[in-house]
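Coordinates in review
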Amino acid sequence: MKLKQKTFCACILFALFLSVLAFSQEEKQEEAGSLDVYQLDEYTGLNYIPEKKVDVSNGSLRIQLWGSKGAFSVYSVGAKGKKLPLFSSSDSFSSSYFVLRAGKKEYVLNSEGGVACESRRTERGAQLCFLIPKKACFLVDFAFPDDALSADLKSMLRVSLYTINLEDKPQTFTVKGIFDTILGENSGVHFSTGTLPKLNTQKQFHSMDHDRWIRSANKKASVCFLLDGADISKPEAVTLAAVGELSKYWVPVVHDGRSFNSAQAYNNSAVAVNWSTAYLLPQEKDVKTFYISGSTMEGNELISALEQGTVFPVYPSLPSDTDAAEVELSAAAQAVTEEQLDPEYIQNLIDYISSLENGESIEKEELESLNKELDAIFERLRAIKR
């Protein structure tokens, strides 16, 4: 009887051991992700694994992404592993975000915007992918550099913003990024740039050709936005203001020299970057690129390193459709006037075409003529941007 009891107990213990082992292996596999589950993004050519929360690091930088919130955070990691956020953690890090304008409609890409989002782990970092059905796909790709670099150069992120037109007609798309910086708010110097060592009041730049970069820092950490040179997409406006002021207008309206105080907060400075408009045909994509550095290395030195082409490898992504090789313009595109290239004219033309298509009676000849005009305008614009 005693022998049977011992045998029975041994079997129970062995079964429990196998259950715990299997659970442990499943847990590890779920955390690490298996190489054979990588998926290929058809628009960017990038491999990824969908995960509810992504947490990856390289050098002294660590990034976390939450797909359910469409939120991201970037940290500086000290020698003892202590992490310091480079952006505000307000509202679960949702005070730093991107906004996509499709035509005249703006989509706020954070937890308040209501746009479906998926967070992804990639071979070189992480992504947030926002999907606006039948309108656009917007993808934020955070990529780390090569490992065999100095500590300063390893502490960088390449941020690529992909916009894909999912409409069945041409459309205009524009991107804005808002970054709720915190490091300089209590350091005595809110910001510095390539030409301005101390900036403690609101300011707007319409070109970064001279200033090139913007840094927010204190004694413990630093974050630097690299906005000129190398393969960086030139912004149309860069604004330093109270964080609440940056979302009121598409291009923020500020008063140079005014403090960072607002009715909502005291001394709460932030950065907004507005990029140029992309004119995309159905299924075409556009890419905007900038860099974030968590090192204290001088901004111009970081940009010089990028321009040497040794910091980041050749990226596996596909080129932007708006960067295609030079082609000969059609007669219709050559005849496009300056008035027709005006963004407001283009948007009004797109809206008018849509209204005709959705009307009860369609004037086919007028619609065909207007679509040909729009195609000629887009052809001319893509040639100009090359």
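What follows is about the overall build of the protein. The helix and strand tally for the protein stands at 7 helices and 21 strands. Within the protein, buried positions represent 49% of all 386 residues. Counting contacts in the protein only where the partners sit at least 6 residues apart, residues at least 24 apart contribute 66% of the total. As displayed, the protein has an accessible area near 19,500 Å², and 52% of this comes from carbon and sulfur atoms.

Per the counting criterion, the structure on display carries 16 salt bridges. A salt bridge links Arg-121 to Glu-51; the nearest nitrogen and oxygen atoms lie 2.9 Å apart. Here Arg-121, found in strand β9 (residues 116–122), pairs with Glu-51, found in the loop between β2 (47–50) and β3 (53–58); they are 70 residues apart in sequence, far enough to count as distant. Since its relative accessible area comes to 15%, Glu-51 is described here as buried. With a shortest N-O distance of 2.8 Å, Glu-118 and Arg-120 are connected by a salt bridge. For Glu-118, a relative accessible area of 29% translates into the label partly exposed. Salt bridges linked by common partners bring Asp-209, Arg-212, Asp-228, Lys-234 and Glu-307 together as one network.

Structurally, the position occupied by Phe-312 is in the loop between α4 (299–307) and α5 (331–334). Owing to a relative accessible area of 9%, Phe-312 belongs among the buried residues under this scheme. Sequence separation of Phe-312 and Arg-158 is 154 residues, and the distance between their C-alpha atoms is 8.4 Å.

Time to look at unusual backbone geometry. Residues other than glycine seldom take positive phi values, yet Ala-230 does so here, at roughly 50°. Position of Ala-230 among the secondary structure elements: in the loop between β17 (222–226) and β18 (235–242).

If you look at the biggest cluster of nonpolar residues, it comprises 65 residues, and the most contacted ones within it are Phe-98, Leu-226 and Phe-290. The residues touching Phe-98, leaving out its near neighbours within four places in the chain, are Phe-72, Tyr-107, Val-108, Leu-109, Phe-138, Val-140, Leu-161, Val-175, Lys-176, Gly-177, Phe-179 and Phe-290. Among the nonpolar cores identified, the runner-up in size contains 15 residues, and Val-336, Leu-349, Leu-356 and Leu-367 belong to it.

Strand order in the open sheet formed by 4 strands is β3-β4-β5-β6, and the pairing between neighbours is antiparallel. Across the chains shown, the open sheet's two edge strands, defined by having one partner strand only, are β3 and β6 (83–85). Within this sheet the neighbouring strands show an average axis-to-axis angle of 25°, counted without direction. Examined bridge by bridge, β3 and strand β4 (residues 61–66) share 6 bridges and lie antiparallel to one another. Counterpart to Asp-55 in the pairing with β4 is Gln-64.

On to the sheet that holds strand β21 (residues 285–293), then. Read across the sheet, 10 strands follow the order β1-β2-β9-β10-β11-β12-β21-β17-β16-β14 without closing on themselves; strand pairing throughout is antiparallel. In the strand order of this sheet, the two ends are held by β1 (39–40) and β14 (192–193), each with one partner. The sheet contact formed by β17 and β21 spans 3 bridges and is antiparallel. Paired with Leu-226 across the two strands is Tyr-291, which belongs to β21. The sheet strands contacting α4 are β12 (156–165), β16 (213–217), β17 and β21, and the helix crosses β16 at an angle near 125°.

A complete count under the given rule lists 0 disulfides for this structure. As a non-bridged cysteine, Cys-137 has Cys-129 as the owner of its nearest cysteine sulfur, 3.7 Å distant.

The subject of this paragraph is the pairing of strand β7 (residues 97–102). Across the 6 residues that make up β7, a large majority, 5, are buried. Bridge analysis of β7 against strand β13 (residues 171–179) gives 6 bridges, and the strand direction is antiparallel. Bridge pairing in β13 links Leu-100 to Val-175. Bridging between β7 and strand β8 (residues 105–109) involves 5 bridges; their strand directions are antiparallel. Within β8, the residue paired with Phe-98 across the bridge is Leu-109. The turn linking β7 back onto β8 is made up of 2 residues, and Gly-103 within it adopts a positive phi angle of 65°.

So, how was this worked out
- Residues numbered from 1 in each chain as written.
- Predicted model: local features only at pLDDT ≥ 70, side-chain atom pairs only at ≥ 80, totals over all residues.
- Heavy atoms only, no water.
- Helix = DSSP H or I, 4+ residues; strand = E, 2+ residues; numbered from the N terminus.
- Buried < 20%, exposed > 50% of the residue type's maximum accessible area, 1.4 Å probe, protein only.
- Contact = heavy atoms within 4.5 Å.
- Areas by Shrake-Rupley, 256 points an atom, 1.4 Å probe, with all protein chains shown as cover.
- Salt bridge = Lys/Arg side-chain N within 4 Å of Asp/Glu carboxyl O.
- Core = buried A, V, L, I, M, F, W, Y, C linked by side-chain atoms within 4.5 Å.
- Pairing = 2+ DSSP bridges.
- Axes fitted to C-alpha atoms, helices over the stretch in contact; angles between N-to-C directions.
- Disulfide = S-S within 2.5 Å.

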